[in-house]
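In case you want the letters, here they are:
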Amino acid sequence: VVDIRGESVSVKSGSPRTISTDRQSGVPLSHYALGVDRGLSFERASEMLRAKAEGNEAGALLEGEGFYISRNFKFGNGCKGVTLLLRERVSVFAASNWIPTFKIYRPNQGLCGRTFLREHLNSNLPLSSNGARGPWTRLHDATRDKCTHGHKCRDLQCFVGKRMQTEHLVCGAVLPFWSTIQQRVLSKTVRTSGGGFQLVQQMRVVRVRCQRADGTETRLVGIHMTHGGAARVQAIEMDIRGADDADGKPDLKPDLKPDLHSLGRGKQAGKGKGPAAPRQPSHGRCQECGAAHD
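Described in the following lines is the structure provided in the data block. (Residues numbered from 1 in each chain as written. Predicted model: local features only at pLDDT ≥ 70, side-chain atom pairs only at ≥ 80, totals over all residues. Heavy atoms only, no water.)

1. Considering the overall build of the protein chain
Here is step 1 of the chain: Counting its regular elements, the protein chain contains six helices and 14 strands.
Here is step 2 of the chain: Counting only contacts in the protein chain whose residues sit at least 6 apart along the sequence, the fraction spanning at least 24 positions is 56%.
Here is step 3 of the chain: Total accessible area on the protein chain stands at roughly 19700 Å², and carbon and sulfur atoms take up 50% of it. (Helix = DSSP H or I, 4+ residues; strand = E, 2+ residues; numbered from the N terminus. Contact = heavy atoms within 4.5 Å. Areas by Shrake-Rupley, 256 points an atom, 1.4 Å probe, with all protein chains shown as cover.)

Structure below.
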């Protein structure tokens with residue numbers, strides 16, 4: 001189970017929306033659209049830095065902790081990359097030659113990975129807290145509703161580096177509709193041990209703590225619909241409706257066999273000039289089929 005994290009996660013207006021309902025349990029299958037703010041404000045980053053210094057044994061920042069700015073790289077929107085490094089805690093079972101690792105925080109993405117100090121210093125320079133305020137705030141504000149490619153990006157749906165993103169979850173009666181959902185989830189090709197390739201469905205079960213429109217907090221667990229989540233949810237709804245319509249249609253072609261014997265007799269009776277004489281009861285066997293008729 002993977003967590004969806006962000007500085008703020010809220011349920012968008014119009015959510016949840018019922019896709020279908022399980023006939024046996026009566027539990028609905030619901031679609032949630034979540035607005036996720038992945039960014040980290042400068043005030044929040046400074047607060048995290050002070051808390052880390054107070055939590056260290058010496059009551060000060062450790063070597064390598066603090067703000068950094070990229071040496072030469074600039075995003076398409078003209079902003080320089082700014083990062084915050086916080087050293088991870090050392091395990092008591094760590095070896096004596098253990099190399100410390102650092103968590104990387106960015107203004108538009110929050111926590112986005114881990115790195116080693118020497119590797120990070122190859123393309124970044126240390127920056128004081130006062131010097132980091134301007135670049136950090138500019139990148140934080142510029143990526144609220146736009147990607148980091150800037151005005152040159154022609155993809156209106158591009159979300160690279162965008163701070164505010166929409167995530168789609170399918171929650172509720174997931175198990176009864178598991179096969180239908182699985183067909184619409186993003187898949188990837190992986191190499192097998194025998195040297196071939198296999199198509200694997202990426203069913204990601206996620207959990208998230210978010211706020212409703214009325215300000216109350218709620219917790220959700222469901223299937224994460226990535227990369228075009230709204231279109232995938234719509235396709236799932238259409239598949240379920242199509243299956244329900246197929247189950248509810250009456251059988252228009254009943255398996256009834258015609259009475260060939262009576263049809264054949266009627267044909268012979270129609271050859272005469274006058275109306276066919278009424279059939280007389282007979283207790284013998286039919287000359288055509290050999291069956292006994294009354």
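2. Quick word on the pattern of salt bridges
Here is step 1 of the chain: Applying the stated rule across the entire model yields 12 salt bridges.
Here is step 2 of the chain: Of the charged contacts in the structure, one is a salt bridge between Asp145 and Arg144, with a shortest N-O distance of 2.9 Å.
Here is step 3 of the chain: Among the ionic pairs, Arg209 bridges to Glu217, the shortest N-O distance being 3.8 Å.
Here is step 4 of the chain: Through salt bridges that share partners, Glu7, Arg44 and Glu47 make up one connected network. (Salt bridge = Lys/Arg side-chain N within 4 Å of Asp/Glu carboxyl O.)

3. Considerations on the nonpolar core
Here is step 1 of the chain: Counting 14 residues, the largest nonpolar core has Leu29, Val170, Phe177, Ile181, Ile223, Met225 and Ile240 as the members making the most contacts within it.
Here is step 2 of the chain: For this core, the secondary-structure elements that each account for two or more residues are strand S14 (217-225) and helix H5 (229-248).
Here is step 3 of the chain: At three residues, the largest contribution of residues to this core is made by H5.
Here is step 4 of the chain: Apart from the residues within four sequence positions on either side, Leu29 is in contact with Arg17, Thr18, Ile19, Ser20, Val170, Cys171, Ala173, Val174, Phe177, Ile181 and Ile240. (Core = buried A, V, L, I, M, F, W, Y, C linked by side-chain atoms within 4.5 Å. Buried < 20%, exposed > 50% of the residue type's maximum accessible area, 1.4 Å probe, protein only.)

4. Focus: the packing of aromatic side chains
Here is step 1 of the chain: Per the counting criterion, the structure on display carries three aromatic pairs.
Here is step 2 of the chain: Measuring from ring centre to ring centre gives 5.6 Å for Phe42 and Phe67, while their planes differ by 25 degrees; the resulting arrangement is stacked. Remark: Phe67 occurs in strand S5 (residues 66-74) and Phe42 occurs in helix H1 (residues 42-55); sequence separation between them is 25 residues. The exposure classification of Phe42 matches that of Phe67, with both residues buried.
Here is step 3 of the chain: Aromatic pair Phe67 and Trp136: ring centres 5.5 Å apart, planes at 80 degrees, arrangement edge-to-face. (Phe/Tyr/Trp six-rings, centres within 6.5 Å; stacked < 30°, edge-to-face > 60°.)

5. Points about the environment of Cys158
Here is step 1 of the chain: Secondary-structure assignment places Cys158 in the loop between helix H3 (129-142) and strand S10 (164-172).
Here is step 2 of the chain: Cys158 gets classed as buried once you look at its relative accessible area, which sits at 9%.
Here is step 3 of the chain: Considering only alpha carbons, one finds Cys158 and Cys147, 11 residues apart in sequence, at a separation of 6.4 Å.
Here is step 4 of the chain: Not counting chain neighbours up to four residues away, the residues in contact with Cys158 comprise Cys147, His149 and Cys153.

6. A short note on H3
Here is step 1 of the chain: When the terminal C-alpha atoms of H3 are compared, their 20 Å separation across 14 residues agrees well with the 20 Å that a helix rising 1.5 Å per residue should span.
Here is step 2 of the chain: Listed as buried for H3 are Ala132, Pro135, Trp136, Leu139 and His140.
Here is step 3 of the chain: Buried-residue contacts for H3 involve H1, S5, strand S6 (80-87), strand S7 (101-106) and strand S9 (124-127). (Expected span 1.5 Å × (residues − 1).)

7. Side note on the sheet that holds S6
Here is step 1 of the chain: Here we have five strands laid out as an open sheet, ordered S8-S7-S6-S5-S9, and antiparallel in their pairing. Either end of the sheet is taken by a strand with one partner, and the two such strands are strand S8 (110-116) and S9. Adjacent strand axes in the sheet meet at a mean angle of 35 degrees, parallel and antiparallel pairs treated alike.
Here is step 2 of the chain: Sheet topology note: the S7/S8 ladder contains six bridges and is antiparallel. Within S8, the position partnered with Thr101 by the bridge is Phe116.
Here is step 3 of the chain: In this fold H3 packs onto S5, S6, S7 and S9, with an angle of close to 120 degrees to the strand it touches most, S6. (Pairing = 2+ DSSP bridges. Axes fitted to C-alpha atoms, helices over the stretch in contact; angles between N-to-C directions.)

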